[in-house]
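# Structural features, examined
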Amino acid sequence: MTHAIAVAHPNIALAKYWGKREHGRNLPSVPSLSITLAGMTTTTRVELAAMDTLELNGVATVGRACERAVALLDLIWQEAGRERQHEGQGEGQGEGERPRLRIVSHNDFPTSAGLASSASAFAALAVAANAVLATGHSTERLSSLARRISASAGRSLYGGFVELPAGGDEAEPLFARPLAAVDHWPLRLVVAVTTETEKEVGSTEGMNATSRTSPLYAGWLAAAPDIFARIRAAVLARDLETVGLAVEESALTMHATALAAQPGILYWNGATVEVMHAVRRLRRQGLPAYFTIDAGPHVKVLTLASHAAAVTTEIAAIPGVLRTISAEPGEGARLIEASGTEPAEGARLIEPSGAEPGA
Ligand code: PMV
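Residues numbered from 1 in each chain as written. Predicted model: local features only at pLDDT ≥ 70, side-chain atom pairs only at ≥ 80, totals over all residues. Heavy atoms only, no water.

The next subject is the pattern of salt bridges. Under the defined criterion, the tally for this structure stands at 21 salt bridges. Of the charged contacts in the structure, one is a salt bridge between Glu97 and Arg100, with a shortest N-O distance of 3.4 Å. Residues Glu196 and Arg323 are paired through a salt bridge, measuring 2.9 Å at the closest nitrogen-oxygen approach. Note that Glu196 is positioned in the loop between strand 10 (187-193) and helix 5 (203-213) and Arg323 in strand 13 (residues 323-329), a separation of 127 residues in sequence. Glu196 sits in the partly exposed class, given a relative accessible area of 41%. Judged by its relative accessible area of 29%, Arg323 falls in the partly exposed class. (Salt bridge = Lys/Arg side-chain N within 4 Å of Asp/Glu carboxyl O. Helix = DSSP H or I, 4+ residues; strand = E, 2+ residues; numbered from the N terminus. Buried < 20%, exposed > 50% of the residue type's maximum accessible area, 1.4 Å probe, protein only.)

This part takes up helix 3 (residues 139-149). Among all positions in helix 3, only Leu142, Ser143, Ser144, Leu145, Ala146, Arg147 and Ile149 are buried. Contacts made by the buried residues of helix 3 are with helix 1 (64-86), helix 2 (117-132), helix 4 (151-156) and strand 8 (161-164). (Contact = heavy atoms within 4.5 Å.)

Another point: the packing of aromatic side chains. Per the counting criterion, the structure on display carries two aromatic pairs. On the basis of an interplanar angle of 85° and a centroid distance of 6.2 Å, the ring pair of Trp18 and Tyr267 is categorised as edge-to-face. Of the two residues, Trp18 sits in the loop between strand 2 (11-15) and strand 3 (32-38) while Tyr267 sits in the loop between helix 7 (240-259) and helix 8 (270-284), which places them 249 residues apart along the sequence. By relative accessible area, Trp18 is classed as buried at 2%. (Phe/Tyr/Trp six-rings, centres within 6.5 Å; stacked < 30°, edge-to-face > 60°.)

Let us now look at the site of the ligand. Taken together, 14 residues surround the ligand, and among them Tyr17, Ala151, Ser152, Arg155 and Ser203 come closest. Backbone polar atom of Tyr17 to an oxygen atom of the ligand: 3.0 Å apart, as the coordinates give it. Contact between the ligand and Ser152: an oxygen atom at 2.9 Å from a main-chain N or O atom of the residue. A total of 380 Å² of accessible area belongs to the ligand in isolation, and the protein chains cover 93% of it. Elements with a contribution of two residues or more to the shell around the ligand: helix 4 and helix 5. Looking at which element gives the most residues to the shell around the ligand, the answer is helix 4, with three residues. Residues of the shell around the ligand, tallied by class, amount to seven nonpolar, four polar and three charged. (Near = heavy atom within 4 Å. Polar contact = N/O pair within 3.5 Å; in protein donor to acceptor, adjacent residues only side chain to side chain. Areas by Shrake-Rupley, 256 points an atom, 1.4 Å probe, with all protein chains shown as cover. Nonpolar A, V, L, I, M, F, W, Y, C, P; charged D, E, K, R; others polar.)

Moving on: the sheet that holds strand 5 (residues 53-56). Taken in spatial order, the six strands make up an open sheet running 6-5-7-4-1-14, and their pairing is mixed. If you trace the sheet from one side to the other, it starts and ends with strand 6 (59-60) and strand 14 (334-338), each paired once. By the bridge criterion, two bridges tie strand 5 to strand 6 in an arrangement that is antiparallel. Directly across from Leu56, in strand 6, lies its bridge partner Val59. Along the sheet face, helix 1 touches strand 5 and strand 7 (101-107) and points at about 125° away from the line of strand 5. (Pairing = 2+ DSSP bridges. Axes fitted to C-alpha atoms, helices over the stretch in contact; angles between N-to-C directions.)

The next point concerns the nonpolar core. Counting 55 residues, the largest nonpolar core has Trp18, Leu72 and Leu157 as its most contacted members. Of all the elements, helix 2 adds the most residues to this core, at 10 residues. Counting 29 residues, the second largest nonpolar core, distinct from the first, contains Ala15, Leu189, Val191 and Val247. (Core = buried A, V, L, I, M, F, W, Y, C linked by side-chain atoms within 4.5 Å.)

Everything listed here is a matter of geometry and, on its own, says nothing about what the molecule does.
Set out below in structure tokens:
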């Protein structure tokens, strides 16, 4: 195979991951639960080349983004070698030098929108590279490998509602698991975009500073598993009020730990706070709406499909909200083309990964 194209979507965590285990390998300290979001897509083409290169949204890219992409390619290759050795197989993938790859990736949503573009980027790259390198990893294995580069990327391998357990002391491989399928629950996420500039403190930097210096971090570690368990049970029961209140609790507790870091990490701007107040006002007026915020100033408002239009109208009118994006549960990362085989419109070379409710 000389080339492959994969697509993947970002995801939004209802139960947040914030903080890593100390001994490395990017193992989360707390369990998380997310919805993979349709309507925003990363498309990544990988092809054999003379050297590794990365082109992001039409721009040749070096530095950290490129290093992380190459690190994922190396992991995918080395893991294949380890598996062969483990199973006593002869020579093959994962041995010797890894073939070099040209990566061309494109997001159809603004990278600065705080919508976890790294999650969809590394999920799509894992699937496309696995095809071109012929490493034959399962979705589970790809989730574990992508998770090592960006924990949230491990969740975008799957569609619908997805959980990622906390890492144990020796928990490798740690991979995300599908919890409920795309059509389990017609939820919508209305994103209130409150700035067009990139965030100042990235998630890894923010969570590492929090775990090192925040006196509230121990409280977060104690609280997060219970918040996660409540969200998980209520997602399976389609109980929006319980999910929504716990989603706000997860986000606010996460941000409280970051605010108490030294120096304090403040991801919000004025509009972030205005949207939070507006969401609670809408609830008092009878609209089901709940907010969550990641490592940036945008607010994501969770509601039912039947109320999405009304919520969008209200949120879009708040001063400081530049625009809104509406997203719904979507499918996991998948291959759409390989070696020049153009599948028919809508056809897939591999089935997107999902699961039955409660599986
Ligand atoms: O996986 P990362 O490094 O992109 O960190 C994700 C952190 C949050 O978005 C704030 C929470 C989450 O679980 O997605």
